[in-house]
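Each chain, written out:
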Amino acid sequence: MSINKEIYFQIKEQLEPQSVELIAVSKTKPNEDLQALYDLGHRAFGENYVQELVDKEASLPKDIQWHFIGHLQSNKVKYIAPFVHLIHGVDSEKLLQEINKQAIKCNRVIDCLLQVHIATEETKFGFDGPALHDFFVSGRVADYSNVRIRGLMGMASFSDDQQLLSQEFTTLKSYFDNAKQAFPNGQFDILSMGMSSDYALAISKGSTMVRIGSLLFGARNYTK
Ligand SMILES: *Cc1c(COP(=O)(O)O)cnc(C)c1O
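Draft legend 1. The site of the ligand, seen in detail. In the vicinity of the ligand lie 13 residues, with Lys27, Ser196, Arg211, Ser214 and Arg220 positioned nearest. Take Lys27: an N or O atom from its side chain is 2.6 Å from an oxygen atom of the ligand. Residue classes in the shell around the ligand are distributed as six nonpolar, four polar and three charged.

Draft legend 2. Highlighting unusual backbone geometry. One non-glycine residue with positive phi stands out, namely Thr28, at about 70 degrees. Examined against the element boundaries, Thr28 turns out to sit in the loop between strand S1 (21-25) and helix H2 (31-39).

Draft legend 3. The pairing of strand S4 (residues 86-90), seen in detail. The buried fraction of S4 amounts to five of the five residues, a majority that puts the element mostly inside the structure. For strand S3 (residues 65-68) and S4, the ladder comprises two bridges, and the chain directions are parallel. Note on S4: the bridge partner recorded for Phe68 is Ile87. Between the parallel pair S4 and strand S5 (residues 110-116), the chain is carried across by helix H5 (residues 93-105), and the sense of this crossover is right-handed.

Draft legend 4. The arrangement of the pairing of S3 in detail. Relative to S3, strand S2 (residues 44-47) is paired through four bridges, and the arrangement is parallel. Across the sheet, Ala44 pairs through a bridge with Gln65, a residue of S3. The handedness of the S2 to S3 crossover, carried by helix H3 (residues 50-59), is right-handed.

Draft legend 5. Summary view of the pattern of salt bridges. Inspection of every chain in the model, using the stated rule, returns eleven salt bridges. Two residues, Asp134 and Arg140, come together in a salt bridge whose shortest N-O distance is 3.1 Å. Relative accessible area serves as the criterion here: at 39%, Asp134 is assigned to the partly exposed category.

Draft legend 6. Examining the nonpolar core more closely. The biggest cluster of nonpolar side chains holds 60 residues, and the ones touching the most others in it are Ile80, Ile87, Ile99, Leu114, Leu152 and Leu216. At five residues, the largest contribution of residues to this core is made by helix H7 (residues 162-180). When neighbours within four sequence positions are excluded, Leu152 is seen to be in contact with Leu113, Leu114, Val116, Leu132, Leu172, Tyr175, Phe176, Phe188, Ile190, Leu191 and Ser192. Counting seven residues, the second-largest nonpolar core is a separate cluster that includes Ile23, Ala44, Leu113 and Met153.

Draft legend 7. Molecular detail of the environment of Met195. Looking at where Met195 falls in the secondary structure, it is placed in the loop between strand S7 (190-192) and helix H8 (199-204). With 40 residues separating them along the chain, Met195 and Met155 place their C-alpha atoms 8.3 Å apart. Here Met195 is in contact with Met155, Arg211 and Ile212, once residues within four sequence places are set aside.

Cut-offs used in this document
Residues numbered from 1 in each chain as written. Predicted model: local features only at pLDDT ≥ 70, side-chain atom pairs only at ≥ 80, totals over all residues. Heavy atoms only, no water. Near = heavy atom within 4 Å. Polar contact = N/O pair within 3.5 Å; in protein donor to acceptor, adjacent residues only side chain to side chain. Nonpolar A, V, L, I, M, F, W, Y, C, P; charged D, E, K, R; others polar. Helix = DSSP H or I, 4+ residues; strand = E, 2+ residues; numbered from the N terminus. Buried < 20%, exposed > 50% of the residue type's maximum accessible area, 1.4 Å probe, protein only. Pairing = 2+ DSSP bridges. Right-handed = clockwise from strand over helix to strand, strands pointing away. Salt bridge = Lys/Arg side-chain N within 4 Å of Asp/Glu carboxyl O. Core = buried A, V, L, I, M, F, W, Y, C linked by side-chain atoms within 4.5 Å. Contact = heavy atoms within 4.5 Å.

Below, the structure is given as structure tokens:
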């Protein structure tokens, strides 16, 4: 196990002039790998399993910013609510209600991104364009006192058709620009799109936050 330091510094250099934030996606990776990246100064890590995130949070440095990037079940929100930095995958209002409830219990405001379904695959969770529009024009966002909607997140199709990916990112960016109008205070400022295979394209289409795992930590092994 080890991390790819050279690629880490290359990516950082690439993102810096565009003010794009890097989330190091460390799911399935051992604490030593996260600590190695931490020792290079990195603080933002992304995980997509609640139990794994809770275990890592307990044993790694306290100033890590933990991003939850997976599908979050309502009944598990309570485990991450005390410390999570940003929840990327909010895919329903039911989940938003539960996050708000747990945030109130912890006396915190939790930053969230709404996940938008942009890919052609059926299995990916998220709001579609009309649902998103309905949510923002309804003003229901004000019902959630302890949740701050910071922006949108999306995953492009599992494909290397650049034109398709490009269209999907462009669609998400247009939803983002529209929704932003519902937040004149400027708090709606994060567009999380782009992974190891497509982050450069995502940035060219307006991403402000990329979630990169395998380029930094190597391929994941799910067989253990
Ligand atoms: C695993 C994962 C990533 C990172 O994927 P890589 O291809 O390893 O960069 C990004 N976003 C989400 C939601 C993920 O689950």
